Amino acid sequence: MQNFITPFFQFAVNKRCNMMKFGTYVFLPEKAEGFDFHLYRVKPEVGRRMPPQPDMYSNIAIFGDNVTARNHPDWISQSPLGPAWRTNNNFNVRWDVLCATQPEHREEQLDYIEDVARHSPGVWLNSIHFADHGHCTCPRCNELWKKSGLNWFEWRRKEVTEYMAQVSERVRDRAKKKFVIGVLPDPLTNYERFGVNFDDLAPLTDEFLVVMFSKNYATPWYWEMLTRNFKKLFKDVPLNISLYVFGPGDDPREVPTARELLMVSVRMARAGVDNILYLAEGASQTLRSYGGKPVQEVLDFVKSWEKIVE
Ligand SMILES: [Zn+2]
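Our subject in this report is the structure included herewith.

### Structural notes on the coordination of the zinc ion
- The zinc ion binds to the protein through Cys99 (SG), Cys136 (SG), Cys138 (SG) and Cys141 (SG); the donor distances cover 2.3 Å.
- One can describe the donor arrangement at the zinc ion as tetrahedral, given that its 4 donor atoms subtend angles of 100 to 116° at the metal.
- The motif formed by the donor residues of the zinc ion, counted along the single chain, is C-x36-C-x1-C-x2-C. We note that Cys136, like Cys138, is buried.

### Quick look at the environment of Phe63
- Relative to the elements of secondary structure, Phe63 occurs in the loop between strand E3 (57-61) and helix H2 (66-71).
- Taking the C-alpha atoms as reference, Phe63 lies 6.4 Å from Ala100; in sequence the two are 37 residues apart.
- Every residue in contact with Phe63, bar those within four places of it in the chain, is listed here: Asp96, Val97, Leu98, Cys99, Ala100, His105, Arg106, Ser127, Ile128, His129 and Tyr163.

### Some thoughts on the pattern of salt bridges
- This model, assessed by the stated rule, comprises 26 salt bridges.
- With a shortest N-O distance of 3.2 Å, Arg193 and Asp132 are connected by a salt bridge. Residue Arg193 is located in helix H6 (residues 190-194), and its partner Asp132 is located in the loop between strand E4 (122-126) and helix H4 (139-148); the two are separated by 61 residues in the primary sequence. Residue Arg193 shares its accessibility class with Asp132, and that shared class is buried.

### A short note on the sheet that holds strand E2 (residues 37-43)
- One open sheet holds the 6 strands; their spatial order is E1-E2-E3-E4-E5-E6, and the pairing between them is parallel. Unpaired on one side and paired on the other, strand E1 (23-26) and strand E6 (207-210) mark the two borders of the sheet. Between one strand axis and the next, the sheet turns by 25° as a mean value, whatever way the strands run.
- Two strands pair when backbone bridges link them, and E4 and strand E5 (residues 178-183) are joined in this way by 4 bridges, in the parallel orientation. Residue pairing across strands places Val123 opposite Phe179, the latter belonging to E5.

Calculation criteria
- Residues numbered from 1 in each chain as written.
- Predicted model: local features only at pLDDT ≥ 70, side-chain atom pairs only at ≥ 80, totals over all residues.
- Heavy atoms only, no water.
- Donors = N, O, S within 2.8 Å, 3.2 Å for Na, K, Ca; no water.
- Tetrahedral: all angles 85-135°; square planar, octahedral: opposite > 155°, others 65-115°.
- Buried < 20%, exposed > 50% of the residue type's maximum accessible area, 1.4 Å probe, protein only.
- Helix = DSSP H or I, 4+ residues; strand = E, 2+ residues; numbered from the N terminus.
- Contact = heavy atoms within 4.5 Å.
- Salt bridge = Lys/Arg side-chain N within 4 Å of Asp/Glu carboxyl O.
- Pairing = 2+ DSSP bridges.
- Axes fitted to C-alpha atoms, helices over the stretch in contact; angles between N-to-C directions.

So, in structure tokens, the structure goes:
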């Protein structure tokens, strides 16, 4: 163990001392002092476009685009669980997402990205892929899929990879600028959900960016993702997940609320978990008398589930 770990950490430390840099990622074209580089959101997912800056990298979201979706509602990505409007709670979409094969949008974005690349040190992309699992089932996508002769997942992968190859060519070969592909923070089921295959994209990009989300919605998002990841790894063996509610020595004021537990539980349930356990110190009654109001809320919530099951 020692022999394995020591060189690994040595490598990590060397890499860090030689190469690690700190950057800012900003909505306004303002450079904070003391950082090594700056990434400016010239076109975030809301779809607003701002002029690129000559000394800041440009960040562009391609298919998450509220403005274009408003102007072309028929370009919205489709699925059996409804279109990818940001109001569709069947998915974790925080913005409107367009169909990833829409030809006019693809073409317009290619020209736009190349132009932005020419006016800044490079382009970092977001929202390069299909909206989520089950997308897109619009008539064009169905036709493209059938024509391809591939299975559904492989066809989506081909669409994402081929389009990224075109974008890469525009930024790296034509504009001669740095190119960075951004992906969502799901290391194992990006392929099934979004059509993203990291090995395909690696030769096309200079670096990867993993977009980690804000505290506001991090926990449910990540718990759902982890559930999907473990389901994939465990294959047919049922997956139990335990949630730590209230353990020995815990401060009752720090117990998760019923709402938090419910949200995380439902997110895991829809990602395919087989059973969920709620870890507590002892039997319900003990917990109730000790934990005060927050614990009581949790127990009432579990009790209400028992009623539903009965
Ligand atoms: Zn489509």
